[in-house]
Amino acid sequence: MRKEQAIYPGLITHRPVWGFYAHQQINRLAVFTLPVEMMPFFKKHISFLTDNAVNPDKRRYAVVGEAPRHFIDLDAYADTSTTTLPRYYKEATDRYGADTLALHGLVPWQIQLTKYQLTEAFKQRDARKILRIAADLGHYIADANVPLHTTRNYNGQLTNQQGIHGFWESRLPEMFATDYDFLTGQAVYVQSPQKAAWRAVFNANAALDSVLRFEQQLTQEMGEARKFGFEERNGITAKVYSADFSQKYNERLQGQVERQMRASVKMVGDFWYTCWVDAGQPDLRVLAKYQLTDQDQKEEVEEKKGWLKRLFSARSED
């Protein structure tokens, strides 16, 4: 057992997404960055925060307006300085219009909005709302830390690298996350959530060149035949990036996926803590007694079924 598993029990053309595995681990591990005052509530509901970390992805094709919240195409703007790409949504819409912003992605602004919503949920002492919004906030923050969520070339489709998105953020974490170091230290107060959100996407974007260039170099060196292999998953044989290619790519990235996951864990914990502080530090020991009622659980199930129904009615199977 690695040290992280001992400290963190249970380490586990549409735009692709962080794999479910990575999103769930990021939310789960973020709980262990929180101070003792928050731990009774968050630790008790760690399974909810883990399981529901993927809700925004489940909603993205069923709920109008959800999809743009997961990314931002920085290369769609000629200049991304604060002068031309305002950091506050109101100013950005005044300059570009809501439709243009949605077209090129909203993730840094969505983080700011969800941060405000979580703060309000803490103020209201609404345990169910806190859990649902905290899980969503963790998702958007994790997405902001993915290099391929910051570019129009989000799946390598513009550079003949189709499939690289899922390779980087699903295949690699699933194969190597048990060897990652997730010790991040305790959550700290974020003085400017707005700046932190933008810093995350720009830091992720700075890693984009390596993501694409190393995959291209390795493909040239190893050839297409050694690049892919076949694995059986749930009784189905699927074409995947080969174990050898994945290992060499992971080594060439020199811990990049690990760094971005760790940055996500720390940032999620920091934002949860900041929301709690900004809400006046309500006593979470009282809220720790909260249990989802049978009605709550029924509503959760029905809501997710509704997402699926709208998904299948809106999208063909081709």
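Not measured: the values here are computed from a predicted model.

Would you mind showing me how to read the pairing of strand β2 (residues 236–241) here?
Regular strands have side chains that alternate between both faces of the sheet. Relative to β2, strand β1 (residues 228–233) runs antiparallel, the two sharing six bridges. Residue pairing in the sheet places E231 in a bridge with A238 of β2. Between β1 and β2, which pair antiparallel one after the other, the connecting turn spans two residues, and N234 there sits at a positive phi close to 55 degrees.

Please clarify how the packing of helix α9 (residues 127–144) against helix α15 (residues 256–278) should be interpreted in this entry.
Working note: a packed helix pair is described by the angle between its axes plus the distance between those axes. Between α9 and α15, the shortest axis-to-axis distance is 9 Å and the interhelical angle comes to 140 degrees. What the angle tells us is that α9 and α15 run oblique. Here α9 and α15 pass one another in a crossing that is right-handed. For the pair α9 and α15, the contacting residues are A134, L137, G138, I141 and A142 in the first and S264, M267, V268, F271, W272 and C275 in the second.

Is there a simple way to think about the environment of K123 in this case?
Residue position: K123 is located in helix α8 (residues 107–123). Using a relative accessible area of 42% as the deciding quantity, one classes K123 as partly exposed. Sequence separation between K123 and P282 is 159 residues, and the spatial gap between their C-alpha atoms is 7.3 Å. Contacts of K123, omitting those with residues within four sequence positions, involve D278 and A279.

What is the right way to look at unusual backbone geometry in this model?
Most peptide bonds take the trans form, and the phi angle of most residues other than glycine is negative. The residue R125 is not glycine, and still its phi comes out positive at about 55 degrees. On the basis of relative accessible area, R125 is assigned to the partly exposed category, the value being 43%. Backbone geometry at Q254 places phi at a positive 50 degrees, although glycine is not the residue there. Here Q254 is to be found in the loop between α14 (243–252) and α15. Of the residues examined, Q254 reaches a relative accessible area of 64% and is grouped as exposed.

Could you clarify how one ought to interpret the pattern of salt bridges in this entry?
Here the idea is simple: oppositely charged side chains can pair when their charged atoms come close. Overall, the coordinates contain 17 salt bridges when judged by the stated rule. Taking the shortest distance from any N to any O, the salt bridge between E215 and K227 comes out at 2.5 Å. Taken together, the positions of E215 in helix α12 (residues 208–222) and K227 in helix α13 (residues 224–227) put the pair 12 residues apart, joining distant regions of the chain. A relative accessible area of 1% means that E215 is categorised as buried.

Where do I start with α8 in this structure?
Think of an α-helix as turning once every 3.6 residues; residues three or four places apart then point the same way. When the terminal C-alpha atoms of α8 are compared, their 24 Å separation across 17 residues agrees well with the 24 Å that a helix rising 1.5 Å per residue should span. For α8, the tally of buried residues reaches 12 of 17 residues, placing the bulk of the element in the interior. Those residues of α8 lying buried are V107, P108, W109, Q110, I111, Q112, T114, K115, L118, T119, A121 and F122. Among the residues trailing α8, R125 stands out with phi positive, at a value near 55 degrees.

Can you help me understand the packing of helix α2 (residues 20–31) against α15 in this one?
For the pair α2 and α15, interaxial distance at closest approach is 8 Å and the crossing angle is 50 degrees. Here α2 is positioned oblique relative to α15, judged by the angle of their axes. Viewed along their axes, α2 and α15 form a crossing whose handedness is right-handed. The segment α2 lies against α15, with A22, Q25, I26, N27, L29, A30 and V31 engaging M261, S264, V265, V268, G269 and W272. Looking at side-chain class alone, the contact of α2 with α15 contains nine nonpolar, four polar and no charged residues.

Would you mind showing me how to read the side chain of S242 here?
Position of S242 among the secondary structure elements: in the loop between β2 and α14. Beyond its immediate stretch of four places on either side in the chain, S242 contacts R171, R226, K227, F228 and G229.

What should I look at first to understand the packing of aromatic side chains in this one?
Working definition: an aromatic ring pair is given by the centre-to-centre distance plus the angle between the planes. Here the structure, examined in full by the defined rule, presents 14 aromatic pairs. Look at Y77 and Y96: their rings are 5.2 Å apart centre to centre, the planes differ by 70 degrees, and that puts the pair in the edge-to-face class. Of this pair, Y77 sits in the loop between α5 (55–59) and α6 (89–96) while Y96 sits in helix α6, and the two are 19 residues apart along the sequence. With relative accessibility at 7%, the residue Y77 sits in the buried group. Each member of the aromatic cluster is reached from another via a ring pair, and the members are F167, F228, Y241, F245 and Y249. Taking the ring centre of W198 as reference, the NZ or CZ of R87 above it sits at 4.6 Å. The ring centre of F228 lies 4.5 Å from the NZ or CZ of K239, which sits over that ring.

Thresholds, definitions, all that
Residues numbered from 1 in each chain as written. Predicted model: local features only at pLDDT ≥ 70, side-chain atom pairs only at ≥ 80, totals over all residues. Heavy atoms only, no water. Pairing = 2+ DSSP bridges. Helix = DSSP H or I, 4+ residues; strand = E, 2+ residues; numbered from the N terminus. Axes fitted to C-alpha atoms, helices over the stretch in contact; angles between N-to-C directions. Parallel < 35°, antiparallel > 145°, perpendicular 65-115°, else oblique. Left-handed = near helix turned anticlockwise from the far one by under 90°. Contact = heavy atoms within 4.5 Å. Buried < 20%, exposed > 50% of the residue type's maximum accessible area, 1.4 Å probe, protein only. Salt bridge = Lys/Arg side-chain N within 4 Å of Asp/Glu carboxyl O. Expected span 1.5 Å × (residues − 1). Nonpolar A, V, L, I, M, F, W, Y, C, P; charged D, E, K, R; others polar. Phe/Tyr/Trp six-rings, centres within 6.5 Å; stacked < 30°, edge-to-face > 60°. Lys NZ or Arg CZ within 6 Å of the ring centre and 35° of its normal.

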